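# Survey of secondary and tertiary structure
Residues per chain, in single letters:
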Amino acid sequence: MTNEELMQKAVDVSKNSYSPYSKFPVGACILTDKGNTYVGCNFENGSLGMTICAERNAIGNAIANGERKVKAIAIYSPNQDNCTPCGACRQVLHEFCERDEELEVIVKVGEELKTYTLAQLLPESFTL
Ligand code: THU
């Protein structure tokens, strides 16, 4: 599974986003340590605080299928280049990776893909 293929799945699932309030669709696709992929999109609610981000939707999908380790996640919004995960989703990614330094976060900048590690996006992360 290439980064380009992961991103294509994130692009495709962003079309299913339910985001009538923000009008900010997001799609995400996770690659797990078992080599499987799981997608998610954001879905909003009239009670705005109940919104679920694309990343956490994808993670929940992976967890429900028995997965525990995320190797990479591609994230896409048609509205914004370099659409990195929000702070809450960074912490949730931390929960389900082997090492922050090894989890790749892939975003789109123009036609190019850019890769961060979770360690770059969430330095000094909290673990219970
Ligand atoms: N959103 C995501 O799905 N992922 C992010 O990392 C940032 C924000 C969603 C939540 C909300 O539906 C919309 O984007 C605007 O914040």
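The notes below deal with the structure included here. Note that the structure is a prediction, hence the values are computed from the model and not measured. (Residues numbered from 1 in each chain as written. Predicted model: local features only at pLDDT ≥ 70, side-chain atom pairs only at ≥ 80, totals over all residues. Heavy atoms only, no water.)

A word on the overall build of the protein chain. The helix and strand inventory of the protein chain stands at four helices and five strands. Reading the helices (α) and strands (β) of the protein chain from amino to carboxyl end gives α-β-β-α-β-α-β-β-α. Counting only C-alpha atoms, the protein chain reaches 35 × 35 × 30 Å along its principal axes. Within the span of the protein chain, comprising 128 residues, buried residues form 40% of the whole. Put simply, of all contacts in the protein chain between residues at least 6 apart along the chain, 62% involve residues at least 24 apart. Accessible surface for the protein chain amounts to roughly 6,900 Å². Of this, 50% is attributable to carbon and sulfur atoms. (Helix = DSSP H or I, 4+ residues; strand = E, 2+ residues; numbered from the N terminus. Buried < 20%, exposed > 50% of the residue type's maximum accessible area, 1.4 Å probe, protein only. Contact = heavy atoms within 4.5 Å. Areas by Shrake-Rupley, 256 points an atom, 1.4 Å probe, with all protein chains shown as cover.)

The next subject is helix α3 (residues 87-95). Given 3.6 residues per turn, any residue in an α-helix points the same way as the ones three and four places further on. Among the residues of α3, Cys 89, Arg 90, Leu 93 and His 94 are the ones counted as buried. Looking down the long axis of α3, one finds its buried residues gathered within 150° of arc, a one-sided arrangement. Tucked inside the fold, the buried residues of α3 contact α2 (54-64), β3 (70-76) and α4 (118-121). (Arc of directions from axis to C-beta.)

Around the ligand, the structure places Ser 22, Phe 24, Val 26, Asn 42, Glu 44, Thr 51, Cys 53, Ala 54, Glu 55, Thr 84, Pro 85 and Cys 86. Within the side chain of Asn 42, a nitrogen or oxygen atom sits 2.9 Å from an oxygen atom of the ligand. Glu 44 places a polar side-chain atom, nitrogen or oxygen, 2.4 Å from an oxygen atom of the ligand. Summarising the interface, the protein chains cover 79% of the accessible area of the ligand, which totals 370 Å² for the free molecule. Partitioning the shell around the ligand into residue classes produces six nonpolar, four polar and two charged. (Near = heavy atom within 4 Å. Polar contact = N/O pair within 3.5 Å; in protein donor to acceptor, adjacent residues only side chain to side chain. Nonpolar A, V, L, I, M, F, W, Y, C, P; charged D, E, K, R; others polar.)

Time to look at the pairing of strand β2 (residues 37-41). Bridging between strand β1 (residues 27-32) and β2 involves five bridges; their strand directions are antiparallel. Pairing of Leu 31 across the sheet is with Thr 37, part of β2. Connecting β1 to the next strand, β2, in antiparallel fashion are four residues, including Gly 35 with a positive phi near 85°. (Pairing = 2+ DSSP bridges.)

With that out of the way, let us pick up the packing of α2 against α3. Any two packed helices are characterised by the angle at which their axes cross and by the distance between the axes. One can describe the packing of α2 onto α3 by two numbers: an axis separation of 9 Å at closest approach and a directional angle of 25°. One finds that α2 runs roughly parallel with respect to α3. In the packing of α2 onto α3, the handedness of the crossing is left-handed. In this structure, α2 uses Glu 55, Arg 56 and Ile 59 to contact α3, whose residues at the interface are Ala 88, Cys 89, Val 92 and Leu 93. Here the residues of the contact of α2 with α3 are counted per class, giving five nonpolar, no polar and two charged. (Axes fitted to C-alpha atoms, helices over the stretch in contact; angles between N-to-C directions. Parallel < 35°, antiparallel > 145°, perpendicular 65-115°, else oblique. Left-handed = near helix turned anticlockwise from the far one by under 90°.)

Under the defined criterion, the tally for this structure stands at two salt bridges. Its salt-bridge partner being Glu 101, residue Arg 99 comes within 3.5 Å of it at the nearest N-O pair. In this structure Arg 99 comes out as partly exposed when scored by relative accessible area, which is 42%. Since its relative accessible area comes to 45%, Glu 101 is described here as partly exposed. Linking Glu 102 and Arg 99 is a salt bridge whose minimum nitrogen-to-oxygen distance equals 2.9 Å. Look at Glu 102 and you get partly exposed, because its relative accessible area is 40%. Three or more residues joined by partner-sharing salt bridges are found here, namely Arg 99, Glu 101 and Glu 102. (Salt bridge = Lys/Arg side-chain N within 4 Å of Asp/Glu carboxyl O.)

Take it as geometry only, folks, not as evidence of what the structure does.
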